[in-house]
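Read off the chains here:
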Amino acid sequence: MSTTAEKKSSRLIGAYLVNGTMGNVGTPGAPIMHFSLVVVPSANTVSGTVEITQAIAHSGDIIIKNVKGVIRSTGYGNITKVVSLEGQYVQSVPRQL
């Protein structure tokens, strides 16, 4: 086995799936983020899918695939880690004539 392959396999040890919801759940019209992320603590990374929903008229759900993120230490009391996420989605806008 090459050195590169050994590094890749060791980085995947300890990976786990996290599913959750973030936002003002229960507040009418509030945007809510649902996420499904694979966490690799040894690499300080996350990746997965995010869906943003909002209970208002004419709002479509936004699904963002291939979300990537970084886990960082804060050094502040009980909040020891934070995650930043990055991703893109395509939004179609109907053309009026």
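One can find the structure itself at the top, above this paragraph.
Cut-offs and rules
Each residue is numbered by its place in its chain's sequence as written, counting from 1. Local features in this predicted model are restricted to residues whose pLDDT is 70 or higher, and side-chain atom pairs enter the listing and the counts only when it is 80 or higher, whereas totals over whole chains, interfaces and linings include all residues. Derived side-chain values reflect all non-hydrogen atoms in the structure, with water molecules and hydrogen atoms excluded from consideration. Numbering of helices and strands runs from the N terminus; a helix is a DSSP stretch of H or I covering at least four residues, while a strand is a stretch of E covering at least two. Relative accessibility under 20% of the residue-type maximum defines a buried residue, over 50% an exposed one, and the middle range a partly exposed one, all with a 1.4 Å probe and only protein chains included. Should any heavy atoms of two residues lie within 4.5 Å, those residues are counted as being in contact. Here, nonpolar core means buried Ala, Val, Leu, Ile, Met, Phe, Trp, Tyr and Cys residues that are tied together by side-chain atoms lying within 4.5 Å of each other. Contacts described as polar in this section are N or O atom pairs within 3.5 Å, which, within protein, must combine one atom able to donate a hydrogen with one able to accept it, while residues neighboring in sequence count only if both atoms come from side chains. When DSSP finds two or more bridges between a pair of strands, those strands are recorded as paired. Axis geometry follows a simple rule: fit a line to the C-alpha atoms, using only the stretch in contact for helices, then measure angles between N-to-C directions, giving values from 0 to 180 degrees.

Draft legend 1. Structural view of the overall build of the protein chain. On a plain count of helices and strands, the protein chain comes out with one helix and five strands. Each helix and strand of the protein chain, ordered N terminal to C terminal, gives the series α-β-β-β-β-β. In the protein chain, which comprises 97 residues, the share counted as buried stands at 19%. Within the protein chain, contacts between residues at least 6 apart in sequence are counted, and of these 23% link residues at least 24 apart.

Draft legend 2. Region of interest: the nonpolar core. Formed by Met33, Phe35, Leu37, Val39, Val46, Val50, Ile62, Ile64, Val67 and Ile71, the largest nonpolar core amounts to ten residues. For this core, the secondary structure elements donating two or more residues are strand S2 (32-40), strand S3 (45-53) and strand S4 (62-76). When residues no more than four places from it in sequence are discounted, the contact partners of isoleucine 71 are Val39, Asn44, Thr45, Val46, Lys81, Val82 and Val83.

Draft legend 3. Seen up close, unusual backbone geometry. One non-glycine residue, asparagine 44, lies in positive phi territory at about 55°. Within the secondary structure layout, asparagine 44 lies in the loop between S2 and S3. Despite not being glycine, asparagine 66 shows a phi value in the positive range, around 60°. With a relative accessible area of 66%, asparagine 66 lands in the exposed category.

Draft legend 4. The environment of isoleucine 63, seen in detail. Note on placement: isoleucine 63 falls in strand S4. A relative accessible area of 48% means that isoleucine 63 is categorised as partly exposed. As for isoleucine 63 and histidine 34, which are separated by 29 residues in sequence, their C-alpha atoms are 9.5 Å apart. For isoleucine 63, the contacting residues outside a window of four places in its chain are Thr49, Val50, Glu51 and Tyr89.

Draft legend 5. The arrangement of the side chain of threonine 53 in detail. Tracing the backbone through its elements, the reader meets threonine 53 in strand S3. Side-chain polar atoms of threonine 53 contact the side chain of histidine 34, separated by 3.3 Å. The contact partners of threonine 53, leaving out residues within four places of it in the chain, are Ala30, Pro31, Ile32, His34 and Asp61.

Draft legend 6. A look at the sheet that holds S3. A sheet is described by the order of its strands in space; here five strands give the open sequence S1-S2-S3-S4-S5, paired in antiparallel fashion. Single-partner strands in this sheet number two, and they are strand S1 (16-23) and strand S5 (79-86). Geometrically, the sheet is characterised by an average inter-axis angle of 30° between neighbouring strands, direction not taken into account. Here S4 pairs with S5 via seven bridges, running antiparallel.

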